[in-house]
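Architecture and fold: a report
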Amino acid sequence: MNHGTIIQIDDCLISEEILTEYFACDYPKCKGCCCVIGDSGAPLLECELEPIEKNYPLFSPLMPEKGRDVIDEKGFFEVDVDGDLVTPLVPGTEECAYCLFDGSGNCFCSMERRWFEGSGSDFRKPISCWLYPIRVSTLRNGTRALNLHRWDICKDAFEKGRREGVRVYQFLKEPLERMFGEEFYRQLEGAAKYINR
């Protein structure tokens, strides 16, 4: 199938692959390795900096000491080589400073763990993490582009999605609605039904 079609909804250009490809995280196999592998930290929106700082006292006790040391030294974000705001990395590693480890090789997000615990935190995690494998970029004219990112460490997630019949946009319904709204998602569903008919 040719995946070159682009769908436009409002000010967003969406790659057809988001509607046709299958994906469902297979955590028991990957153990959250997307949080500890990569050239830079997770992309951050400027509007996410204040809630991260505000909720830091709630989730920081879950972080390893080396993660807290990074925040003390660098702050709540850093700027990568492309000039983008990203989560800080632990020096000498590719590990996000906000990681949480359970002692069995499993990696979690300390922000999200506190959010799920109902600790009073009002910030779940960076939208770029929540939306993965969708990557959102802003074009020069202000239009946003949604593309599917393929990463070898997620091959099991693509296979699981295919086995279970879960497409990318379906797996990411909650963060898509959070970022773009329920009406956007309804239009995305309509486009998917047409393309996948």
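Residue positions are given per chain, counting from 1 as you read along its sequence in written order. Selection of residues for local features in this predicted model requires a pLDDT of at least 70, selection of side-chain atom pairs for listing and counting requires 80 or more, and totals for whole chains, interfaces and linings are taken over all residues. By convention in this description, side-chain values take in all heavy atoms of the structure and omit both hydrogens and water.

Attention now moves to a negative patch on the surface. A contiguous patch of negative charge on the surface is contributed by Glu65, Asp69, Asp72 and Glu73. Under the scheme used here, helices are H or I runs from DSSP no shorter than 4 residues and strands are E runs no shorter than 2 residues, and both carry numbers assigned from the N terminus. Topologically, aspartate 69 is positioned in helix α4 (residues 65–74). Patches here: salt-bridge-free residues with over 30% relative accessible area, like charges joined within 9 Å, nonpolar side chains (Val, Leu, Ile, Met, Phe, Trp, Tyr) joined within 5 Å. Only the protein chains shown count as cover for residues, with accessible areas throughout obtained via the Shrake-Rupley method and a probe of 1.4 Å. Each salt bridge in this description consists of a side-chain nitrogen of Lys or Arg and a carboxyl oxygen of Asp or Glu lying within 4 Å of one another. Counting rule for charge: Lys and Arg are taken as positive, Asp and Glu as negative, and neither His nor the chain ends is counted. By convention, the charge on Lys lies at NZ, on Arg at CZ, on Asp at CG and on Glu at CD.

What follows covers the packing of helix α3 (residues 46–59) against helix α5 (residues 110–117). Packing of α3 against α5 brings their axes to within 10 Å, and their N-to-C directions diverge by 75°. Regarding the angle of α3 to α5, the classification is roughly perpendicular. Of α5, the residues touching α3 (which contributes Ile52, Leu58 and Phe59) are Ser110, Met111 and Arg114. In terms of residue class, the contact of α3 with α5 is made up of four nonpolar, one polar and one charged. An axis is simply a line fitted to the C-alpha atoms; with a helix, the fit covers only the stretch in contact. Between two such axes, the angle follows the N-to-C directions and lies from 0 to 180 degrees. An angle below 35 degrees is read as roughly parallel, one above 145 as roughly antiparallel, one from 65 to 115 as roughly perpendicular, and any other as oblique. Here, two residues are considered to be in contact whenever any of their heavy atoms come within 4.5 Å of each other. Only Asp, Glu, Lys and Arg are considered charged in this grouping, and only Ala, Val, Leu, Ile, Met, Phe, Trp, Tyr, Cys and Pro are considered nonpolar; every other residue, Gly among them, is considered polar.

There is about 180 Å³ of room inside the second largest pocket. A pocket, in this scheme, is an open set of points on a 1 Å grid over the protein atoms alone with protein on both sides within 12 Å along at least 5 of 7 lines, while a cavity is a set where a 1.4 Å probe fits but cannot get out; residues line either one if an atom lies within 4 Å of a point. Around the second largest pocket sit Leu45, Cys47, Glu48, Phe123, Arg124, Lys125, Ile127, Trp130, Arg178 and Met179, which together line it. Its residues placed into classes, the lining of the second largest pocket shows six nonpolar, no polar and four charged. Grid points are joined across faces, edges and corners, and a volume is the space filled by probe spheres set on the points.

This part is about the packing of aromatic side chains. The geometry of an aromatic ring pair comes down to the distance between the two centres and the angle between the two planes. Side-chain rings of Phe, Tyr and Trp (the six-membered ring for Trp) are treated as a pair once their centres are within 6.5 Å; stacked means planes under 30 degrees apart, edge-to-face means over 60, and tilted covers the remaining angles. In this structure the tally under the stated criterion is 10 aromatic pairs. Geometrically, the ring pair formed by phenylalanine 23 and phenylalanine 171 is edge-to-face, given 5.6 Å between the ring centres and 65° between the ring planes. With phenylalanine 23 in the loop between α1 (17–20) and α2 (27–30) and phenylalanine 171 in helix α8 (residues 168–171), this pair connects stretches of sequence that are 148 residues apart. Relative accessibility under 20% of the residue-type maximum defines a buried residue, over 50% an exposed one, and the middle range a partly exposed one, all with a 1.4 Å probe and only protein chains included. Here phenylalanine 23 falls in the buried class, since its relative accessible area comes to 1%. Here the aromatic rings of tyrosine 27 and phenylalanine 108 are separated by 5.2 Å at their centres, their planes lie at 25°, and the arrangement is stacked. Placement of tyrosine 27 in helix α2 and of phenylalanine 108 in strand β6 (residues 107–109) is noted, with a sequence separation of 81 residues between them. Residue phenylalanine 108 is classed as partly exposed on the basis of its relative accessible area of 24%.

What follows covers helix α9 (residues 173–180). Of all the residues in α9, the buried ones are Pro175, Leu176 and Phe180. On an axial view of α9, the arc spanned by its buried residues comes to 105°, and they lie on one face. Among the structural elements, β2 (12–15), α6 (127–131), β7 (134–138), β8 (144–148), α8 and α10 (182–195) are those in contact with the buried residues of α9. As used here, the arc belongs to the directions running from the helix axis to the C-beta atoms.

Joining two cysteines, a disulfide is a covalent bond between their sulfur atoms. Two cysteine sulfur atoms make up a disulfide if the distance between them is within 2.5 Å. If you walk through the whole model with that rule in mind, you get zero disulfides. Of the cysteine sulfurs around cysteine 30, a residue in no disulfide, the closest is that of cysteine 33, at 5.0 Å. The thiol sulfur of cysteine 154 is not disulfide-bonded, and the nearest other cysteine sulfur, from cysteine 34, lies at 6.0 Å. When its relative accessible area of 11% is taken as the criterion, cysteine 154 is described as buried.

Our next topic: the pairing of β7. DSSP calls a pair of strands paired once it identifies at least 2 bridges connecting them. One ladder, built from five bridges, connects β7 with β8; its direction is antiparallel. Pairing of isoleucine 134 across the sheet is with leucine 148, part of β8.

Quick look at the nonpolar core now. As used here, the term nonpolar core means buried Ala, Val, Leu, Ile, Met, Phe, Trp, Tyr and Cys residues forming a set that is joined through side-chain atoms within 4.5 Å. Counting 28 residues, the largest nonpolar core has Ile14, Ile18, Leu19, Leu146, Leu176, Phe184 and Leu188 as its most contacted members. Broken down by element, this core gets its largest block of residues, six residues, from α10. With near-sequence residues (within four places) excluded, leucine 146 lies in contact with Cys12, Leu13, Ile14, Ser15, Ile18, Ile134, Arg135, Val136, Leu176, Phe180 and Phe184. The next biggest cluster of nonpolar side chains, apart from the first, holds 17 residues, and it includes Phe59, Val70, Ile71 and Val90.

Turning to the side chain of serine 121, a few remarks are in order. Tracing the backbone through its elements, the reader meets serine 121 in the loop between α5 and α6. You can call serine 121 buried: its relative accessible area is 10%. Definition of a polar contact: a pair of N or O atoms within 3.5 Å, with one able to donate and the other able to accept a hydrogen when the atoms are protein atoms, and with sequence-neighbouring residues admitted only if both atoms are side-chain atoms. Among the polar contacts listed, one links the side chain of serine 121 to the side chain of asparagine 55, at a separation of 3.4 Å. The contacts of serine 121, once residues within four sequence positions are left out, are Asn55, Leu58 and Trp115.

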